[in-house]
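Letter by letter, the chains look like this.
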Amino acid sequence: MEDFIYFFTFQDPSITWVVLGITLLGIGSAYVGTFSFLDKKALLGDAISHAVLPGICLGFALAGEKDPRYIVTGAFLSGALATFLSSWLKKNTKLSEDSIIASILSIFFGIGIVFLTVLQKSGNPEIAGLNSFIFGNAIGIAEADLLVYGGLSLTIILVLSLFLKEFRLMVFDPNFGQAIGFPIQGIRFVFNVLMILAVVIGIQAIGVVLMAALLITPAAAARFWTNRLSTLLFLAGLFSVISGIMGTYISFVLPKMPTGPWVVVFLSLIALLSFLVAPKSGLLPRMLSRRRYVKQMHRDHLMKALYKAKEAQQEQMSLEEIHALYPFHRSNILASLQQLLRQGFVAQQDQSISLTAKGVSDAMRIVRLHRLWELYLNEFLHIAPDHVHESAEQMEHLLTPELEAMLEQRLNYPTLDPHQVTIPREAHDR
Amino acid sequence: MITHVSQPVLEVHDLTVSYEQHPVLWNVDLSLPAGKLIGILGPNGAGKSTLIKSIMGLITPTSGYVKIFDKALPEVRSRISYVPQRESVDWNFPASVLDVVVMGTYGKLGLFRRPGKKEIQVAQNALEQVGMTPFASRQIAELSGGQQQRVFIARALAQQADLYLMDEPFAGVDMATETAIFQLLQDMAAAGKTVLVVHHDIHSAMNFFDWVIMLNLHLVASGPKEQVVTEELLRKTYGGKLNLLTQVTDLIRKQDFNPLKR
């Protein structure tokens, strides 16, 4: 708890710097990532982030120490080479895009690991810092390095904001963009540069292995919540920053902990949460609405059974009779019954159930919808009378009053359904 | 049966187009008059979309050239409007109907400048013309196929061009919408605009177009509808693949290079 307060009150200027850096980095990579996510180029980001490792090692070998300028340049060049190679291969061979990306990723990363092992054997005392590039260590970043990474992040954010209209067109409809004379190839080139830069800025804080997660996961999680590009960018940035800061905090409390994996853990939590609870598209709301529908269905069926008994001059039904009609839904029917009793749609006397006045009116509505739909299917879609019942069983729970009015009008307020049974209406509507 | 016109809006000169190794359009040579509603007809794989894309500069031809308003494409680009096939984009992209239609004004805006009040007004007018005003703030993913098609046409209208090139704007559109859109296109032609439409249905083509281009890997016909839509030419266009041309194409495909490329 003390650590928590110490960290989040920013008493330590170096923590303030790191958090500021992580914030910029998070926004920058989430922005770029959102576009590549929408462009369905998520894997390319993964390939690039693995492919920068050889460049990092060469940069280190050339400088002989962890100089951010050498390392960033090396990482950028090797990422650029990987990007160029993948588009060249796609253009000039018959290989599919996924195999090209998988090959580039593993080949570059393999070479990177070889370089890293060679460097480790060289006995250079500075080498310990190089290991943090694999999984990242945000707390270990020196202030001078932060300026480089933060500056690059800021550049990414600025360029993306400036070119928002152009990138939107590049992703949504590049052919149209080209047709109206936009240099789509050039815009794509700028975008690729930004993408490589977004990977490069994350290598020290997040690490090459997991950087792709920071590019793509925020956008994927945010997509559950919104259909607007501006909101999508904002949410992706927010998710990314939250996870980035939390990951950094863990690295601060437990100094041996690498930042990258923890950032990914928090990102995954946010993504999982979005997947579960986001309104409309989330798993939970969808399950709930499904359950509401099933409940409504059982309730309607019970009401219908009571109404049909009433039509046959039987004012009451015993519980046994009701259960006999729906033998597999005993507990559901009981639950519906309790609810209907509470709401005053039905009344219970000993073991027999009857509809109240309010109940009759509502049950009549359900039966009416059922029979109207049957008639509609029969008259307009020419479906035989013995085939219309199943569909009406589904539709009677869904039809809105507006649709009911449309059906009535279209069918010219009919009196009989296809089975020659009366379509019931309230006395004043008849 | 190829009718040439003097002072054409669009001149396609001896155009041959190849995809990678094999030619898909052979020596197309035609010229089109202004202020007409023009249909491009032909069977699947006849090269209809390829012709439009080559005119729009999206595909580099193997040989030949295109002149629009007697100039090269880059000089007159702002006067041309293009409607790609509906399936060519991902309609799950997070954008509203208005967002997409505003893209029609991007060409005049150029790079960097953002659309403002004026551009939104232009887009709203375009939406009104295609009867989509109530859908302006709707997400494009929620639209039906016909509505998506109308959004694309509205975007083309927002370009305020003189020549319109439309790739299958009636694919997946119901009859009522088709008639309404054709009415709109006829009004545009009457106002002096030239509208070029890739089209499938020969029946509605007979009713609506002034001028018809028939393609089947090569140019079969180009001229006023009354002169061109004859049984003989229709048979030439739709009556199966041209055996010899297809075999030559296959032969070229088997080579490692395209002999037509210079």
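This is a predicted model, so every value here is computed, not measured.

Conventions we followed
Residues numbered from 1 in each chain as written. Chains lettered and ligands numbered in written order. Predicted model: local features only at pLDDT ≥ 70, side-chain atom pairs only at ≥ 80, totals over all residues. Heavy atoms only, no water. Helix = DSSP H or I, 4+ residues; strand = E, 2+ residues; numbered from the N terminus. Rg over C-alpha atoms; globule rule 2.2 N^0.38 Å. Buried < 20%, exposed > 50% of the residue type's maximum accessible area, 1.4 Å probe, protein only. Contact = heavy atoms within 4.5 Å. Areas by Shrake-Rupley, 256 points an atom, 1.4 Å probe, with all protein chains shown as cover. Lys, Arg positive; Asp, Glu negative; His and termini not counted. Charge placed at Lys NZ, Arg CZ, Asp CG, Glu CD. Phe/Tyr/Trp six-rings, centres within 6.5 Å; stacked < 30°, edge-to-face > 60°. Lys NZ or Arg CZ within 6 Å of the ring centre and 35° of its normal. Pairing = 2+ DSSP bridges. Axes fitted to C-alpha atoms, helices over the stretch in contact; angles between N-to-C directions. Core = buried A, V, L, I, M, F, W, Y, C linked by side-chain atoms within 4.5 Å. Buried area = accessible area lost by both parts, 1.4 Å probe. Salt bridge = Lys/Arg side-chain N within 4 Å of Asp/Glu carboxyl O. Polar contact = N/O pair within 3.5 Å; in protein donor to acceptor, adjacent residues only side chain to side chain. Nonpolar A, V, L, I, M, F, W, Y, C, P; charged D, E, K, R; others polar. Parallel < 35°, antiparallel > 145°, perpendicular 65-115°, else oblique. Domains from an automatic or database assignment. Arc of directions from axis to C-beta. Left-handed = near helix turned anticlockwise from the far one by under 90°. pLDDT = per-residue confidence, 0-100. Patch = residues over 30% accessible without salt bridge, like charges linked within 9 Å, V, L, I, M, F, W, Y side chains within 5 Å.

**Regarding the overall build of chain A**
Along chain A, the regular secondary structure elements total 20 helices and 3 strands. The C-alpha atoms of chain A give 32 Å as radius of gyration, which overshoots the globular expectation for 430 residues (22 Å, by more than 25%). Along the three orthogonal principal directions, the C-alpha set of chain A runs to about 100 × 60 × 35 Å. Considering chain A as a whole, with its 430 residues, one finds that 48% of them fall into the buried category. Long-range contacts, defined here as pairs at least 24 residues apart, represent 70% of the contacts in chain A between residues at least 6 apart. A total accessible area of about 21,000 Å² is found for chain A, and carbon and sulfur atoms account for 65% of it. Looking at charge distribution, chain A has the averaged site of its 33 positive side-chain charges lying 3 Å from that of its 33 negative ones.

**A few points about the overall build of chain B**
Summing up its helical and strand segments, chain B has 11 helices and 9 strands in all. Against the globule reference of 18 Å for 262 residues, chain B gives a C-alpha radius of gyration of 19 Å, in line with a compact fold. Based on the C-alpha atoms only, the size of chain B along its principal axes is roughly 55 × 40 × 35 Å. Sorting the 262 residues of chain B into buried and exposed places 54% on the buried side. Once local pairs closer than 6 in sequence are excluded, the contacts in chain B between residues at least 24 apart make up 71%. One way to put it: in chain B the 25 positive side-chain charges average out to a point 5 Å from where the 25 negative ones average out.

**A word on the packing of aromatic side chains**
All told, the structure shown has 18 aromatic pairs over all chains when counted by the stated rule. Considering the side-chain rings of Phe35(A) and Phe191(A), the 6.5 Å spacing of their centres and the 75° angle between planes classify their relative orientation as edge-to-face. Linking Phe35(A) in helix 2 (residues 13-38) with Phe191(A) in helix 11 (residues 184-202), this pair joins segments that are 156 residues apart in sequence. Considered together, Phe35(A) and Phe191(A) belong to a single accessibility category, that of buried residues. With 5.3 Å between their ring centres and 25° between their planes, Tyr376(A) and Phe380(A) make a pair best called stacked. Residue Tyr376(A) and its partner Phe380(A) are both found in helix 18 (residues 357-380); the two are separated by 4 residues, about one turn of the helix. Ring pairing ties together the aromatic residues Phe35(A), Phe163(A), Phe167(A), Phe191(A) and Phe112(B), which thus form one cluster. The cationic tip of Arg410(A) hangs over the ring face of Phe380(A); the distance from NZ or CZ to the ring centre is 6.0 Å. A cation sits over an aromatic face here: Arg155(B) above Phe176(A), 3.6 Å from the ring centre.

**Remarks on the sheet that holds strand 3 (residues 352-355) of chain A**
Residues and elements named next belong to chain A. Taken in spatial order, the 3 strands line up as 1-3-2 in an open sheet, and their pairing is antiparallel. At either margin of the open sheet sits one strand with a lone partner, and together these are strand 1 (317-318) and strand 2 (346-349). Sheet topology places strand 2 next to strand 3; 4 bridges connect them, and they run antiparallel. Residue pairing for strand 3: Gln349 is matched across the bridge by Ser352. Set on the sheet, helix 15 (residues 283-311) makes contact with strand 1, strand 2 and strand 3; between it and strand 3 the angle comes to about 85°.

**With respect to the nonpolar core**
Ranked by size, the top nonpolar core spans 137 residues in total, and within it Ile56(A), Phe167(A), Ile203(A), Val101(B) and Leu185(B) carry the most contacts. Within the second largest apolar cluster, 34 residues are counted, among which are Val24(B), Leu58(B), Leu73(B) and Ile213(B).

**Quick notes on the interface of chain B and chain A**
Facing 33 residues of chain B, the contacting portion of chain A comprises 27 residues. Sorting the residues of chain B by area buried against chain A places Phe93(B), Pro94(B) and Tyr106(B) first, and these three jointly supply 25% of that buried surface. Summed over the shared surface of chain B and chain A, the result is 3 salt bridges. A salt bridge links Asp90(B) to Lys40(A); its shortest N-O distance comes to 2.5 Å. For the interface between chain B and chain A, the tally reads 10 residue pairs in polar contact (both at pLDDT 80 or more). Elements supplying a minimum of two residues to the side of chain B that touches chain A: helix 3 (97-102), helix 4 (106-109) and helix 6 (145-158) of chain B. With 3 residues, helix 4 of chain B is the largest single contributor of residues to the side of chain B that touches chain A. Classifying every residue of the side of chain B that touches chain A by side-chain character gives 17 nonpolar, 9 polar and 7 charged.

**Let's talk about the packing of helix 15 of chain A against helix 17 (residues 330-343) of chain A**
Residues and elements named next belong to chain A. Packing of helix 15 against helix 17 brings their axes to within 9 Å, and their N-to-C directions diverge by 75°. In terms of orientation, helix 15 lies roughly perpendicular with respect to helix 17. Between helix 15, through Lys295, His298, Arg299, Leu302 and Met303, and helix 17, the contact on the second element is made entirely by Asn332, Ile333, Ser336, Leu337, Gln339 and Leu340. Here the residues of the contact of helix 15 with helix 17 are counted per class, giving 5 nonpolar, 4 polar and 2 charged.

**A look at the domain arrangement of chain A**
Residue and element names in this part refer to chain A. Looking at chain A, the domain boundaries give domain 1 (2-281), domain 2 (285-355) and domain 3 (360-429). In this structure, domain 2 and domain 3 have C-alpha centres spaced 21 Å apart. Summed over both sides, the interface between domain 2 and domain 3 buries roughly 1,300 Å², with carbon and sulfur atoms accounting for 59% of that surface. Ranking the residues of domain 2 by area buried against domain 3 places Tyr293, Lys304 and Tyr307 at the top, with a combined share of 44%. Applying the counting criterion to the domain 2 and domain 3 interface returns 4 salt bridges.

**Examining the pattern of salt bridges**
Residue and element names in this part refer to chain A. Considering all chains together, one arrives at 22 salt bridges over all chains under this definition. Residues Lys310 and Glu315 are paired through a salt bridge, measuring 3.4 Å at the closest nitrogen-oxygen approach. Through salt bridges with shared partners, a single network forms among Arg299, Asp300, Asp362 and Arg365.

**As for the side chain of Glu404(A)**
Looking at where Glu404(A) falls in the secondary structure, it is placed in helix 20 (residues 401-410). Ignoring sequence-local partners within four residues, the contact set of Glu404(A) consists of Arg365(A), Arg368(A), Leu369(A) and Leu372(A).

**Observations regarding helix 20 of chain A**
All names here are of chain A. Buried within helix 20 are the following residues: Glu404, Leu407 and Glu408. End-on, the buried residues of helix 20 take up no more than an arc of 100°, which puts them together on one face. Turned more than 90 degrees away from the buried face of helix 20 sit Glu402 and Gln409, all of them exposed. Downstream of helix 20 by a residue or two, Asn412 has a phi angle that is positive, lying close to 60°.

**Here's the deal with the packing of helix 4 (residues 53-63) of chain A against helix 6 (residues 97-121) of chain A**
Residues and elements named next belong to chain A. Relative orientation of the contacting elements helix 4 and helix 6 amounts to 30°, with a least axis distance of 7 Å. Comparing the axis directions of helix 4 and helix 6 gives the class roughly parallel. Considering the relative orientation of helix 4 and helix 6, their crossing is left-handed. Each of Leu53, Pro54, Cys57, Leu58, Phe60 and Ala61 in helix 4 lies in contact with helix 6, whose residues at this interface are Phe108, Phe109, Ile111, Gly112, Ile113, Phe115, Leu116 and Leu119. Partitioning the contact of helix 4 with helix 6 into residue classes produces 13 nonpolar, 1 polar and no charged.

**Some words on the confidence of the model for chain A**
This prediction gives chain A a mean pLDDT of 88; 100% of its residues lie at or above 70. Of all the helices and strands in chain A, helix 1 (residues 2-8) of chain A carries the lowest mean pLDDT, 79, while helix 9 (residues 164-172) of chain A carries the highest, 93.

**As for a nonpolar patch on the surface**
Residues and elements named next belong to chain A. A surface patch of nonpolar side chains, about 870 Å² in accessible area, is lined by Trp225, Val265, Leu269, Leu272, Leu273, Phe275, Val277, Leu283, Leu284 and Met287. Those elements giving two or more residues to the nonpolar patch turn out to be helix 14 (259-277) and helix 15. Residue placement: Leu283 occurs in helix 15.

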